[in-house]
Amino acid sequence: MFGLASSKSDLIVHSADPFNAEPPLDRLRANFITPVADFYIRSHGALPTIDMATHTVTVGGLVDAPLALTLGDIQSRFAPKTVMAVMQCAGNRRADMQKVHPTTGDPWAPGAIGNAEWTGVPLAEVLRAAGARLHPHLHVAFESADVAANEDAPDAPYGVSIPMSKALCEDVLIAWAMNGAPLTREHGAPLRMVVPGFAGVRSPKWLKSVTVQAEPSAAFQQAHDYLLFPPDMRKDTKDEARGVTITSMPLNAAICEPQAGAPVSSGTTIVRGYAIATDRAVTRVDVSPNGGRDWVQATIEHHGAGRWSWTLWHVTLDLPGGEHELAVRAWDAAGQTQPAQASDTWNFKGYLSAAWHRVRVTAA
Ligand SMILES: Nc1nc2c(c(=O)[nH]1)N[C@H]1C(S)=C(S)[C@@H](COP(=O)(O)O)O[C@H]1N2
Ligand SMILES: [Mo]
């Protein structure tokens, strides 16, 4: 009943095992709330087998009253909350960086993102129920039921942590539903974290344990994998001390229609896409018909409810026949915009790719 085939439409598959796939961009842009069928999947290991009825999430570490909660316990003991939030992979748009130099990781187009309504209980409520220490300098570590094999530890469970200061944000959820329906298996059933604004890696699926501790998680995904490295570093010269832990996602925007190489008719062309400013508002989106020489302000179609969803925009361009390089850049409420070139922020792991998104089209 949780089979992939039943819940997913045709996606662009980067890897079948573990399953990593993203939707075509026109379909991604078709809905403000991304249907589960069109939502990207990023998994580091095989889908775990979980007995949904008996599975518990433990809450321990620096707490007075450790807990072991089933899905039923979580649903009956706490008031549910629904939050609209984007989930976005730190590797979203990596393919653009790979045009500069090779990187590690899958060549994600701009589809490793989706906007959903997540229902669950605030993590903060569960921490309070466990009598957790809540000092902002502490960390909340999570372990999952899947094995995320890596060079250091072939059998290690997936693990990450978030700072307590983020964990106490009431929009950080232990979630059981996505768009009003129980989480599907591939999205983390029965329970997953949703940490709005942070890279997807910090939102563990198949949640098994919550631990309040003094240090960040020592698990591979937290301590060694999702680090932003300087531009002169390569895999074989990696110095983790010079890497920065990835948490919040940068300002970003992408053109979803027309898609690269798609035939467009000369004259009026509608360009559509998304923009995301994490916890700030997107204040403006500009589209260039000629690689950034001239810019036209786009129309904001739909801002999300709350702070965590994306913004959809469109603009009508008048394109003469011939080849054109379209580009988009968003602006946020702090007056910041995106770097022009993927080379500006290139890193060997291809994370946080957020330069102007450029799409070549031929008008005929
Ligand atoms: N347990 C577990 N949680 C995980 C992952 C994983 O492999 N295992 N992948 C993470 C990454 S890198 C991302 S981008 C998001 C993707 O969530 P989705 O597959 O539901 O879209 O889940 C995160 N949570
Ligand atoms: Mo990710």
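Residues numbered from 1 in each chain as written. Chains lettered and ligands numbered in written order. Predicted model: local features only at pLDDT ≥ 70, side-chain atom pairs only at ≥ 80, totals over all residues. Heavy atoms only, no water.

1. A look at the overall build of the protein
As a reminder, the rule being used: Helix numbering and strand numbering both begin at the N terminus, where a helix is a DSSP run of H or I of at least 4 residues and a strand a DSSP run of E of at least 2. When we talk radius of gyration, it's over C-alpha atoms, and the globule rule is simply 2.2 Å times the number of residues to the 0.38. Type-normalised accessible area, obtained with a 1.4 Å probe on protein chains alone, sets the label of each residue: buried when under 20%, exposed when over 50%, and partly exposed for intermediate values.
Helix and strand counts for the protein stand at seven helices and 24 strands. For 364 residues, the compact-globule estimate of 2.2 N^0.38 gives 21 Å, and the protein sits close to it at 21 Å. In terms of overall dimensions, the protein has a C-alpha envelope of 70 × 45 × 40 Å along the principal axes. Residues classed as buried in the protein amount to 52% of the 364 residues present.

2. Things to note about empty space enclosed by the protein
In plain terms, the rule: Both site types are read off a 1 Å grid over the protein atoms alone. A 1.4 Å probe that fits but cannot get out defines a cavity, while an open set with protein on both sides within 12 Å along at least five of seven lines defines a pocket; lining residues have an atom within 4 Å of a point. Grid points are joined across faces, edges and corners, and a volume is the space filled by probe spheres set on the points. Basically, the charged four are Asp, Glu, Lys and Arg, the nonpolar ten are Ala, Val, Leu, Ile, Met, Phe, Trp, Tyr, Cys and Pro, and anything else, Gly included, counts as polar.
If you walk through the whole model with that rule in mind, you get two cavities of 30 Å³ or more. Computed from the structure, the largest cavity encloses a volume of approximately 220 Å³. Along the walls of the largest cavity sit 19 residues, with Arg42, Arg192, Gly200, Ser203 and Lys205 positioned nearest its centre. Residue classes in the lining of the largest cavity are distributed as 10 nonpolar, five polar and four charged. Val86, Gln88, Pro196, Gly197, Phe198, Met249, Ile276, Thr278 and Trp308 together form the lining of the second largest cavity. For the lining of the second largest cavity, a count of residues per class yields six nonpolar, three polar and no charged.

3. Topic: the domain arrangement of the protein
Put simply, the rule is: An automatic or database domain assignment supplies the residue ranges for each domain. Should any heavy atoms of two residues lie within 4.5 Å, those residues are considered in contact. Here the buried area means the combined drop in accessible surface, using a 1.4 Å probe, for two parts upon being joined, counting both sides. Salt bridge, as used here, is a side-chain nitrogen of Lys or Arg placed within 4 Å of a carboxyl oxygen of Asp or Glu. Definition of a polar contact: a pair of N or O atoms within 3.5 Å, with one able to donate and the other able to accept a hydrogen when the atoms are protein atoms, and with sequence-neighbouring residues admitted only if both atoms are side-chain atoms.
Partitioning the protein into structural domains gives domain 1 (4–245) and domain 2 (252–363). Between domain 1 and domain 2, the C-alpha centre-to-centre distance is 27 Å. In this complex, domain 1 contributes 43 residues to the contact, which on the side of domain 2 involves 39 residues. Both faces combined, the contact of domain 1 with domain 2 buries some 3600 Å², and carbon together with sulfur accounts for 63% of it. The tally of links between domain 1 and domain 2 comes to two salt bridges. Where Asp225 meets Lys349, a salt bridge forms, and the shortest distance between an N and an O atom there is 2.7 Å. There are 21 residue pairs in polar contact (both at pLDDT 80 or more) connecting domain 1 and domain 2. Listing elements by their share of the side of domain 1 that touches domain 2, those giving two or more residues are helix H2 (25–28), strand E6 (81–88), helix H4 (94–98), strand E7 (113–122), helix H7 (220–225) and strand E14 (227–228). By residue class, the composition of the side of domain 1 that touches domain 2 is 21 nonpolar, 11 polar and 11 charged.

4. So, the sheet that holds strand E16 (residues 252–257)
Counted only if it meets this: Following DSSP output, two strands are said to pair if at least two bridges run between them. Axes, fitted as lines to C-alpha atoms, cover a helix only where it is in contact. Angles between the N-to-C directions of the axes lie from 0 to 180 degrees.
If you trace the four strands from one edge of the open sheet to the other, you get E16-E18-E22-E21, paired in antiparallel fashion. Only two strands of the sheet have a single neighbouring strand rather than two, namely E16 and strand E21 (299–302). Strand-to-strand twist of the sheet, defined as the mean angle between neighbouring strand axes without regard to direction, takes the value 35°. In the sheet, E16 pairs with strand E18 (residues 267–276) via five bridges, with the strands oriented antiparallel. Considered in E18, the bridge of Ile255 is made with Gly273.

5. A closer look at the sheet that holds strand E1 (residues 12–15)
With respect to topology, three strands assemble into an open sheet ordered E1-E2-E3, the strand pairing being antiparallel. Looking along the sheet, the strands with just one partner apiece sit at the ends: E1 and strand E3 (41–42). Pairing of strand E2 (residues 20–22) with E3, which is carried by two bridges, proceeds in the antiparallel orientation. Across the sheet, the residue bridging to Ala21 is Ile41, located in E3.

6. Quick word on the site of ligand 1
Which entries qualify depends on this criterion: By convention in this text, a residue qualifies as near a molecule or strand provided that one of its non-hydrogen atoms is within 4 Å of it.
Near ligand 1, the surroundings consist of 19 residues, among which His44, Asp146, His187, Arg192 and Lys205 are the closest. Asp146 is positioned such that a nitrogen or oxygen atom in its side chain is 2.7 Å from a nitrogen atom of ligand 1. In terms of residue class, the shell around ligand 1 is made up of nine nonpolar, six polar and four charged.

7. A look at the pattern of salt bridges
Inspection of every chain in the model, using the stated rule, returns 18 salt bridges. Between Arg242 and Asp232 there is a salt bridge whose closest N-O contact spans 3.4 Å. Of this pair, Arg242 sits in the loop between E14 and strand E15 (244–245) while Asp232 sits in the loop between E14 and E15, and the two are 10 residues apart along the sequence. Residue Arg242 is classed as partly exposed on the basis of its relative accessible area of 43%.

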